Amino acid sequence: MGEIGAIRVFLLDDHEVVRRGVRELLEAEDDITVVGEADTAERALARIPATRPDVAILDMRLPDGDGIAVCRDIRSDHDDIACLILTSFSDDDALTQAVVAGASGYLLKQIRGTDIVDAVRRVAAGESLLDPALAARVADRLREAPEQDERLARLTAQERRILVLIADGLTNRQIGAEMHLAEKTVKNYVSNVLAKLGMARRTQAAVFAARLEADGDASLREHR
């Protein structure tokens, strides 16, 4: 185990061998300790708040969901937890989703062990491993959505702004600060947006905005 004050890490991967390997790799370092692990999204969402990690390493593909949805849910209520998405393959769509979910990094499982250790230290210190230019392009793309989609037409101007900020990866608390609204009010707005879009999760709304952009050239930003 690491020393007192060590970086606290939670591991989510459905492969026990992978979890064991990453755990041994991290705990060989004096400044890192693994405080918990899970093999499903459901177990991770139950355990992460209780273990209070600084960094959560989340497998992209899980039996009951994916690491990006876990990242989104965790950061909605615990924006002090940095999330690293760990995956076996590079996928542009997944990278886009990682950005909007608020992930601090996107790592391939093929990377060297020393790179994982370095990534944990960097995101624990508040750094982002995502290319700033890429993150900016993704944010711009997510703001651009066509008027033609009837679900978008159901949203008020305020709700459209909420959708843009969700797509930017902001938590309810951060949206409240941006829009000078109480966090409870923001939660109500988010619920209304999801209901009008016929969706259950914030990640779905963010991906919806990205897909709208791919189909047209109108901009949500014009309605903020």
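See the structure shown above.
Described in the following lines is the structure provided in the data block. Throughout this document, residue positions are counted from 1 along each chain, in the order its sequence is written. Totals for whole chains, interfaces and linings use every residue, but because this is a predicted model, local features are given only for residues with pLDDT of at least 70 and side-chain atom pairs only at 80 or more, for both listing and counting. With hydrogens and water stripped out, all remaining heavy atoms of the structure feed into the side-chain values.

Another point: the overall build of the chain. Each helix is a run of H or I in the DSSP string that is no shorter than four residues. Each strand is a run of E no shorter than two, and both are numbered from the N terminus. The helix and strand inventory of the chain stands at 11 helices and seven strands. For every residue, the accessible area (1.4 Å probe, protein chains only) is compared with the maximum for its type, and the residue is labelled buried under 20%, exposed over 50%, or partly exposed between those bounds. Out of the 224 residues in the chain, the part that is buried amounts to 48%. Within the chain, contacts between residues separated by at least 24 positions form 68% of all contacts whose residues are at least 6 apart in sequence. In this description, contact between two residues means that some pair of their heavy atoms is separated by no more than 4.5 Å.

Moving on, we come to helix H9 (residues 172-179). Regarding H9, the residues found buried are Asn172, Ile175, Gly176 and Met179. The buried residues of H9 occupy an angular sector of 100° when projected down its axis, which confines them to one face. Note: the arc covers the axis-to-C-beta directions of the helix.

This paragraph deals with the pairing of strand E6 (residues 82-87). Extensive coverage of E6 is indicated by the burial of six of its six residues. One requirement defines pairing of two strands: DSSP has to find at least two bridges between them. In this structure, strand E3 (residues 55-59) lies alongside E6, joined through five bridges in parallel fashion. The partner of aspartate 59 across the bridge, within E6, is leucine 86. Pairing geometry for E6 and strand E7 (residues 105-108), over four bridges, is parallel. Looking at the pairing, leucine 84 lines up with glycine 105 of E7.

To continue, consider the side chain of threonine 51. Mapped onto the secondary structure, threonine 51 falls in helix H2 (residues 41-51). Polar contacts here mean pairs of N or O atoms no more than 3.5 Å apart (in protein, one a potential hydrogen donor and the other a potential acceptor; neighbouring residues in sequence count only if both atoms are side-chain atoms). Within polar-contact distance, the side chain of threonine 51 engages the backbone oxygen of isoleucine 48 at 3.2 Å.

Note on sheets: strands pair through backbone hydrogen bonds, and any given pair is parallel or antiparallel. If you trace the five strands from one edge of the open sheet to the other, you get E2-E1-E3-E6-E7, paired in parallel fashion. In the strand order of this sheet, the two ends are held by strand E2 (32-38) and E7, each with one partner. Neighbour-to-neighbour, the strand axes of this sheet turn through a mean angle of 25°, independent of strand direction. Only the stretch in contact is used when a helix axis is fitted, and all axes are lines through C-alpha atoms; the angle between N-to-C directions ranges over 0 to 180 degrees. Sheet strands touched by H2: strand E1 (7-12), E2 and E3. Its angle to E1, the strand with the most contacts, is close to 170°.

The biggest cluster of nonpolar side chains holds 25 residues, and the ones touching the most others in it are Ile48, Leu58, Val70 and Ile85. Going through the elements one at a time, E1, H2, E3, helix H3 (67-77), E6 and helix H4 (92-101) are the ones with two or more residues in this core. In contact with valine 70, other than residues within four places in its own chain, are Leu12, Ala41, Ala44, Leu45, Ile48, Leu58 and Leu62. Residues enter a nonpolar core if they are buried and are Ala, Val, Leu, Ile, Met, Phe, Trp, Tyr or Cys, with the set joined through side-chain atoms within 4.5 Å. Judged by nonpolar contacts, the second largest core, of 18 residues, contains Ile7, Leu11, Val55 and Val120.

Two elements in contact, H9 and helix H10 (residues 183-197), have axes separated by 8 Å at closest approach and are oriented at 105°. When the axes of H9 and H10 are compared, the pair comes out roughly perpendicular. Residues Asn172, Arg173, Ile175 and Gly176 of H9 pack against Glu183, Val186, Lys187 and Val190 of H10. Its residues assigned to classes, the contact of H9 with H10 comprises three nonpolar, two polar and three charged. To sort the angles, those under 35 degrees are grouped as roughly parallel, those over 145 as roughly antiparallel, those from 65 to 115 as roughly perpendicular, and the leftovers as oblique. Gly falls in the polar group here, along with every residue not listed as nonpolar (Ala, Val, Leu, Ile, Met, Phe, Trp, Tyr, Cys, Pro) or charged (Asp, Glu, Lys, Arg).

Of note in the backbone geometry, arginine 52 takes a positive phi value of approximately 50° without being a glycine. Mapping arginine 52 onto the fold places it in the loop between H2 and E3. For arginine 52, a relative accessible area of 57% gives the class exposed. Of note, histidine 180 is a non-glycine position whose phi angle comes to about 60°, a positive value. When you line up the elements, histidine 180 lands in the loop between H9 and H10.

As for its placement among the helices and strands, leucine 26 is situated in helix H1 (residues 16-27). Linking leucine 26 and valine 117, residues 91 residues apart in sequence, is a C-alpha distance of 6.3 Å. In contact with leucine 26, other than residues within four places in its own chain, are Val9, Leu11, Ile32, Val34, Ile57, Ile116, Val117 and Val120.

Below, the discussion takes up the side chain of arginine 75. Inspection of the secondary structure puts arginine 75 in helix H3. Engagement of the side chain of arginine 75 in a polar contact is seen with the backbone oxygen of aspartate 79, the distance being 3.1 Å. Setting aside its immediate chain neighbours within four residues, arginine 75 contacts Ile81, Cys83, Ala101, Gly102 and Thr171.

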